[in-house]
Amino acid sequence: MRHFEFVVDRDHARAVNEVGRAIRRLRLLAFTAVVVLALGTAGMILLAHPYSYLLAVVFAMATVTALFVAVWTPHRSRIEKLYAEGDLVPAVISGRQDERITLLALVNLAKSDAGPRYALITRVVSDLPGHRGDTGEQVPAVAVRSDRAPRTVGDLRPAVTAMPIAWATTDRAVIERARTLIHPAEWRLLADNLRLADKVGTADAKRLLLDPRQLPEELRG
């Protein structure tokens, strides 16, 4: 794992970080579910019917689950924590349509105790401050798991997404420092495979595993 340490600008991240927005939406939905399910629980109890009591138990369990998600999500998914624990990865702009920018990123999906297993993933973003937005531009990012699965599944990590460093800082020197920490071979690999972005985006798993035998010597581990 290759981590990148820097100071996260919280105000900037709150304004532009799309992962943070998704987390806030999830938390709002969870709190809404808590209210609805709690009212449902109370309603089933007031019906005072044998079957309604059973439903009340189901509603109560769902309420506790929703409350757990609402309370636990901010702790598990704090932006600072995601940047600190995420693997520093390369991403490049593969294209843009209207106001949407497509990023093509290279991530290692292998377990930490196994050899590298690289894959290409894409992410469509609406804002990329600190970058010009030109096709082929290098965008250092961190890999973030995009689901709630365990940290590893089988021989590969679960689905990941790329979260640009530019979503957490306005300091271009920080972005440049992150860029230089990524091996040139990784940037070259992405540049040589820009044409695969559309294929990755339409894949069922939203990722394209790369044949280790076709990787540059520097990435074969």
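Details of the structure are given in the entry above.
Only a predicted model underlies this, so the values are computations on that prediction, with no experimental measurement involved.

## Looking at the packing of aromatic side chains
Next, step 1: A complete count under the given rule lists two aromatic pairs for this structure.
Next, step 2: Taking the centre distance of 5.5 Å and the plane angle of 80 degrees together, the rings of F6 and Y83 count as edge-to-face. Here F6, found in the segment before α1 (10–16), pairs with Y83, found in helix α4 (residues 79–85); they are 77 residues apart in sequence, far enough to count as distant. Note on accessibility: F6 and Y83 belong to one class, buried.
Next, step 3: The structure contains a cluster of three or more aromatic residues connected by ring pairs, namely F4, F6 and Y83.

## What about the nonpolar core?
Next, step 1: In terms of nonpolar packing, the biggest core is built from 54 residues, with Y83 and I165 touching the most fellow members.
Next, step 2: Looking at which element gives the most residues to this core, the answer is strand β3 (residues 100–108), with six residues.
Next, step 3: With sequence-adjacent residues up to four places away left out, Y83 is seen in contact with F4, F6, V8, N17, V142, M163, P164, I165, W167 and A168.

## Quick look at helix α2 (residues 18–47)
Next, step 1: In this model α2 runs 43 Å from its N-terminal to its C-terminal C-alpha over 30 residues, within 8% of the 44 Å that 1.5 Å per residue would give.
Next, step 2: For α2, the full list of buried residues reads E18, V19, G20, I23, A30, V34, L37, G40, T41 and M44.
Next, step 3: For α2, the N-terminal capping position is held by N17, with its side-chain oxygen 2.9 Å away from the main-chain nitrogen of V19.
Next, step 4: Looking one or two residues past α2, A48 carries a phi angle of roughly 55 degrees, positive in sign.

## A short note on the sheet that holds strand β6 (residues 160–164)
Next, step 1: Strand order in the open sheet formed by three strands is β1-β5-β6, and the pairing between neighbours is antiparallel. With one partner strand each, in any of the chains shown, β1 (87–89) and β6 form the two edges of the open sheet. Direction aside, neighbouring strands of the sheet carry axes that sit 45 degrees apart on average.
Next, step 2: When β1 meets strand β5 (residues 141–145), the two strands line up antiparallel, connected through three bridges. In the strand pairing of β5, D87 is matched with A143.

## Description of unusual backbone geometry
Next, step 1: In the Ramachandran plot, A48 falls in the positive-phi region, its phi being about 55 degrees despite a non-glycine side chain.
Next, step 2: Tracing the sequence through the fold places A48 in the loop between α2 and α3 (50–76).
Next, step 3: Among the residues examined, A48 registers a relative accessible area of 49% and is labelled partly exposed.
Next, step 4: Unusually for a residue other than glycine, D98 sits at a positive phi of about 55 degrees.
Next, step 5: Relative to the helices and strands, D98 resides in the loop between β2 (91–97) and β3.

## A word on the sheet that holds β3
Next, step 1: If you trace the four strands from one edge of the open sheet to the other, you get β2-β3-β4-β7, paired in antiparallel fashion. Unpaired on one side and paired on the other, β2 and β7 (207–209) mark the two borders of the sheet. Between one strand axis and the next, the sheet turns by 20 degrees as a mean value, whatever way the strands run.
Next, step 2: Relative to strand β4 (residues 118–125), β3 is paired through eight bridges, and the arrangement is antiparallel. Across the sheet, the residue bridging to T102 is V124, located in β4.
Next, step 3: In the packing of helix α6 (residues 184–192) onto the sheet, contacts are made with β2, β3 and β4, and the angle to β3 comes to roughly 130 degrees.

## With respect to a nonpolar patch on the surface
Next, step 1: Residues F31, L67 and V71 make up a contiguous nonpolar surface patch of roughly 260 Å² in combined accessible area.
Next, step 2: With respect to the secondary-structure elements, L67 resides in helix α3.
Next, step 3: Note on L67: relative accessible area 40%, which makes it partly exposed.

## Comments concerning the pairing of β6
Next, step 1: Counted residue by residue, β6 has five buried out of five residues, so it is predominantly covered.
Next, step 2: Burial along β6 is two-sided: the face carrying V160, A162 and P164 and the face carrying T161 and M163 are both buried.
Next, step 3: Pairing geometry for β5 and β6, over five bridges, is antiparallel. The residue of β6 that forms the bridge with A141 is P164.

Quick notes on the rules
Residues numbered from 1 in each chain as written. Predicted model: local features only at pLDDT ≥ 70, side-chain atom pairs only at ≥ 80, totals over all residues. Heavy atoms only, no water. Phe/Tyr/Trp six-rings, centres within 6.5 Å; stacked < 30°, edge-to-face > 60°. Helix = DSSP H or I, 4+ residues; strand = E, 2+ residues; numbered from the N terminus. Buried < 20%, exposed > 50% of the residue type's maximum accessible area, 1.4 Å probe, protein only. Core = buried A, V, L, I, M, F, W, Y, C linked by side-chain atoms within 4.5 Å. Contact = heavy atoms within 4.5 Å. Expected span 1.5 Å × (residues − 1). Polar contact = N/O pair within 3.5 Å; in protein donor to acceptor, adjacent residues only side chain to side chain. Pairing = 2+ DSSP bridges. Axes fitted to C-alpha atoms, helices over the stretch in contact; angles between N-to-C directions. Patch = residues over 30% accessible without salt bridge, like charges linked within 9 Å, V, L, I, M, F, W, Y side chains within 5 Å. Areas by Shrake-Rupley, 256 points an atom, 1.4 Å probe, with all protein chains shown as cover. Salt bridge = Lys/Arg side-chain N within 4 Å of Asp/Glu carboxyl O.

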